[in-house]
Protein chains: 2
Amino acid sequence: MRPRTRRGGGRPTIADVARKAGVGAITVSRALREPDRVSRELREQIDKAVAELGYVLDRNARALASARADVVAVLVPSLTNNVFADVVRGLYDGLGDSHLQLHIGNTHYSGLEEERLLQGFIGQRPSAVVLSGIDQTATSRAILKEAGCPVVQIMEIGTDPIDMMIGFSHVEGGRAVTRHLIEAGYRRIGFIGARMDPRSQRRLAGYRAALEEAGLFDLRLVTTTTAPSSVSLGRELFRDALAKVPTLDAVFCNNDDLAVGVLFECNRAALAVPGKIGIAGFNDLEMMDVAYPSITSVRTPRYDIGRRAIAMARAAIAGERPEQRVVDTGFELMRRESTAR
Amino acid sequence: MRPRTRRGGGRPTIADVARKAGVGAITVSRALREPDRVSRELREQIDKAVAELGYVLDRNARALASARADVVAVLVPSLTNNVFADVVRGLYDGLGDSHLQLHIGNTHYSGLEEERLLQGFIGQRPSAVVLSGIDQTATSRAILKEAGCPVVQIMEIGTDPIDMMIGFSHVEGGRAVTRHLIEAGYRRIGFIGARMDPRSQRRLAGYRAALEEAGLFDLRLVTTTTAPSSVSLGRELFRDALAKVPTLDAVFCNNDDLAVGVLFECNRAALAVPGKIGIAGFNDLEMMDVAYPSITSVRTPRYDIGRRAIAMARAAIAGERPEQRVVDTGFELMRRESTAR
DNA sequence: AAGGGAAATGGTAGCGCTACCAAGATCGCG
DNA sequence: CGCGATCTTGGTAGCGCTACCATTTCCCTT
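Residues numbered from 1 in each chain as written. Chains lettered and ligands numbered in written order. Predicted model: local features only at pLDDT ≥ 70, side-chain atom pairs only at ≥ 80, totals over all residues. Heavy atoms only, no water.

**Q** I'd love a proper account of the protein's contact with DNA strand C, names of residues and values included.
**A** A:T27, B:I14, B:S29, B:Y55 and B:R62 are the nearest of the 26 residues found near DNA strand C. In the interface set of DNA strand C, defined as its atoms within 4 Å of the protein, sugar plus phosphate atoms amount to 69%. With respect to DNA strand C, the backbone of A:A65 contributes an N or O atom lying 3.4 Å from a base oxygen. The separation between a phosphate oxygen of DNA strand C and a polar main-chain atom of B:D58 is 3.3 Å. In terms of residues, the surface near DNA strand C owes the most to one element, helix α4 (residues 59–66) of chain B, which gives four residues. Tallied by class, residues from the surface near DNA strand C come to 12 nonpolar, seven polar and seven charged. (Near = heavy atom within 4 Å. Polar contact = N/O pair within 3.5 Å; in protein donor to acceptor, adjacent residues only side chain to side chain. Helix = DSSP H or I, 4+ residues; strand = E, 2+ residues; numbered from the N terminus. Nonpolar A, V, L, I, M, F, W, Y, C, P; charged D, E, K, R; others polar.)

**Q** Kindly report on the nonpolar core, identifying the contributing residues and their values.
**A** Ranked by size, the top nonpolar core spans 154 residues in total, and within it A:I279 and B:I279 carry the most contacts. Residues contacting A:I279, with those up to four places away along its chain left out, are A:V251, A:A259, A:V262, A:L263, A:C266, A:V273, A:I295, A:T296, A:S338 and A:T339. (Core = buried A, V, L, I, M, F, W, Y, C linked by side-chain atoms within 4.5 Å. Buried < 20%, exposed > 50% of the residue type's maximum accessible area, 1.4 Å probe, protein only. Contact = heavy atoms within 4.5 Å.)

**Q** Could you give an account of the packing of aromatic side chains, naming the residues involved and the relevant values?
**A** Centre distance and the angle of the planes are the two values used to describe a pair of aromatic rings. In total, this model carries 13 aromatic pairs over all chains according to the counting rule given. Ring pairs connect the aromatic residues A:F168, A:F191, A:Y207, A:F217, A:F252, A:F282 and A:F331, which therefore count as one cluster. (Phe/Tyr/Trp six-rings, centres within 6.5 Å; stacked < 30°, edge-to-face > 60°.)

**Q** Got a sec to walk through the protein's contact with DNA strand D? Specific residues and values, please.
**A** In the region of DNA strand D, 27 residues are neighbours, and A:I14, A:S29, A:Y55, A:R62 and B:T27 sit closest. Each atom of DNA strand D within 4 Å of the protein was assigned to sugar, phosphate or base; sugar and phosphate come to 69%. Between a phosphate oxygen of DNA strand D and a main-chain N or O atom of A:I14, the distance comes to 2.5 Å. No other element matches helix α4 (residues 59–66) of chain A, which puts five residues into the surface near DNA strand D. Of the residues contributing to the surface near DNA strand D, the split by class is 13 nonpolar, seven polar and seven charged.

**Q** Before we move on, can you summarise the interface of chain A and chain B with the specific residues and values?
**A** Listed as interface residues are 54 residues of chain A and, on the opposing side, 55 residues of chain B. Between chain A and chain B lies a buried interface of about 4600 Å² when both sides are counted; carbon and sulfur atoms form 55% of it. Linking chain A with chain B are four salt bridges, by the criterion used here. Linking B:D58 and A:R125 is a salt bridge whose minimum nitrogen-to-oxygen distance equals 3.3 Å. Applying the counting criterion to the chain A and chain B interface returns 23 residue pairs in polar contact (both at pLDDT 80 or more). Of all elements in the fold, only α4, α5 (82–95), β2 (101–106), α6 (111–122), α10 (231–244) and α11 (256–268) of chain A reach the threshold of two or more residues within the side of chain A that touches chain B. At seven residues, the largest contribution of residues to the side of chain A that touches chain B is made by α5(A). Here the residues of the side of chain A that touches chain B are counted per class, giving 23 nonpolar, 18 polar and 13 charged. (Buried area = accessible area lost by both parts, 1.4 Å probe. Salt bridge = Lys/Arg side-chain N within 4 Å of Asp/Glu carboxyl O.)

**Q** Tell me about the relation of the copies chain A and chain B, and name the residues and values.
**A** With an RMSD of 0.0 Å, the fit of chain A onto chain B corresponds to turning through 180° and sliding 0.0 Å along the axis. As the rotation angle and translation indicate, the two copies are arranged about a two-fold axis. It is A:N60 whose C-alpha, among those of chain A, lies nearest the rotation axis, at 2.4 Å. Of the residues that chain A buries at the interface, 100% are likewise interface residues in chain B, meaning the two copies contact each other through the same surface. (Least-squares fit on C-alpha atoms with pLDDT ≥ 70 in both.)

**Q** Before we move on, can you summarise the packing of helix α10 (residues 231–244) of chain B against helix α11 (residues 256–268) of chain B with the specific residues and values?
**A** All names here are of chain B. Contact pair α10 / α11: the axes reach a minimum separation of 6 Å and the direction vectors enclose 60°. With respect to α11, the axis of α10 lies oblique. Here α10 and α11 pass one another in a crossing that is right-handed. Taken together, the residues of α11 that come into contact with α10 (itself represented by V231, L233, G234, R235, L237, F238 and R239) are D257, L258, V260, G261, V262, F264, E265 and C266. A class-by-class count of the residues in the contact of α10 with α11 yields nine nonpolar, two polar and four charged. (Axes fitted to C-alpha atoms, helices over the stretch in contact; angles between N-to-C directions. Parallel < 35°, antiparallel > 145°, perpendicular 65-115°, else oblique. Left-handed = near helix turned anticlockwise from the far one by under 90°.)

**Q** Would you mind going over the domain arrangement of chain A in detail, with residue names and values included?
**A** By domain assignment, chain A separates into domain 1 (14–57), domain 2 (69–168 + 302–330) and domain 3 (170–299). The C-alpha-based centres of domain 1 of chain A and domain 2 of chain A are spaced at 34 Å. (Domains from an automatic or database assignment.)

**Q** Summarise the environment of A:A63; cite the residues concerned and give the values.
**A** Looking at where A:A63 falls in the secondary structure, it is placed in helix α4. A:A63 gets classed as buried once you look at its relative accessible area, which sits at 3%. Along the chain, A:A63 and A:I192 lie 129 residues apart, while their C-alpha atoms are 47 Å from each other. Sequence-distant contacts of A:A63, defined by excluding residues within four places in its chain, comprise A:R68, A:A69 and B:N60.

**Q** Which residues make up the pattern of salt bridges, and what values do they have?
**A** All told, the structure shown has 61 salt bridges over all chains when counted by the stated rule. When the shortest N-O distance is used, the salt bridge between B:R239 and B:E236 registers 3.9 Å. Highlighted residues: B:R239 and B:E236, both in helix α10, separated by three residues, approximately one helical turn. For B:R239, a relative accessible area of 38% puts it in the partly exposed group. Salt bridges here are not isolated pairs; linked through shared partners, they connect A:D135, A:E156, A:D197, A:R199 and A:R202.

This is the structure we're talking about:
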């Protein structure tokens, strides 16, 4: 009958450290969590014992004992998408020197998948949850309200936050870029959209509103697909759009990948940009400014949203409730050569 | 003196489910993990109780009790980079219906950061670890050998795997594309590199070997920076390279972002591609085939590497040791318009 | 000098789950 | 029909850590 080491792989525990340092286990625990509350002398002994034993804290045990994990659960619809890659980078940088960990889940733009992931994450009792958009299912909302931890919805704003929210209006983004195209003198302005998730739908709504306002809307101008966005898809959709409406003189693409595809296709087909065709994208990827001609786009503060979302979550974890639960970051229309007619 | 609910937020536990279903707690635990080992009748009662109580398994408690978390720790050098985004997508898809979770860490191309993250991840007792490249520090290697779980190094191969390895030779990739440029008739072939992490260094080594073999190498042909890669950086570096060597007639870019930047700059400066300047990239992003002209690149099976890495890890977790510890996926040279002279 | 309070340290009792073992029920086979 | 093998179920005892409370020591007041 082995007395100890029945299961754990024999890794040193906090008790081993305590024995070696000649202190109580709880003091080691404290030295690790709140060094200020332990005398310098003991702290040094403990640090030494930790180093000598190669002790590593068992996060699972800590999470169980303290009924919460130092984890922020993050749900994004895609990781392949540059847009969310920037957000995630901002989230990471927002962590700073906190001992929080990020656990990223990929919803693949599916509300049900989001529910499933949420279920799993909540089982870890995260310190906070960050999720994308405002179109959670009723079940997801219920789970989150129940969870009792700060929740930050990002990339979009709306009137009914689960808890907190930081982002911008996609309707206004779509409207702004479309108005710009109208002002530039374009008249047959197409919309090209891939994926057509709720945010894309709202960009389309903004586009439509702007065109209707000017009496220029025509359903045939809209070319969309639910297939995932890509540069090659931009080419395909542009060809379709042009076949449908040969008088097309501009396109607003629901994201920059598509816009780049349209540009390449125009180059290939010798359609002058911006003379013959105006092109505008959305998100303002770094590439848009370098393209030839450079491409008009809507700059969205993705990295910043990530950073600030974590800052909001950290403040809320610390008990500081913000006076403003919904933060509108706005966006910036970047006028470039591709629409300078 | 409250008898129960001292800490946990009052969420139902496995004991609550057991009481409601009229069975022992351990039977509930089994029904959740190995449904086949519980009679149909009890299983249905338990499922019902779970649903009614809204029971969610506490992963921390499970991990503590079973001394391992159903987690695969993944370390990648960057999340913003399309290349690793594809790998991560493959990893996710490789998970399939297993109950494994992915925990992603971002090393920012730093060995020390990798060590730090590894330390944290090991504290969670992951079921497996996946990490990028073959240049881990001695400390990292030691930690991993100690950890006693399967380890998969990805995206590159070498002769001294920590455990398992899947990827391809970056030296050969660089050599192949450079030879192609030589065969296409280019003579003053530049190398443009950003970041210059170890894999980029090895691509450069392959480039150099190919040029030396042909008696064409010249140090001034190499233009690199440690700054992170971007399309605009491709433009800058190309300008620098051209200023240094005005007779430059081709460039091999250590990745596709740079190559696109070079293409845009050539368009802007009215340098004919491939006539005046040949361009080749690395990784074969989807965009390369759509660009005008389309850009030669080295296709790397990133998504596939992700999937197969998880498959290898899962097999190893299940106790199946592969006969082949190092898997060379190879790569494919995609010859396109940008080098078709 | 007595009293009050803060700071430093430790002991006890779980957190919610599962490994391990035991025991009863069922079955097959000679 | 007896006996071992298999299946199903349950009890006990932790996993490694921390919340909660108790204790001791040392100041600082008054």
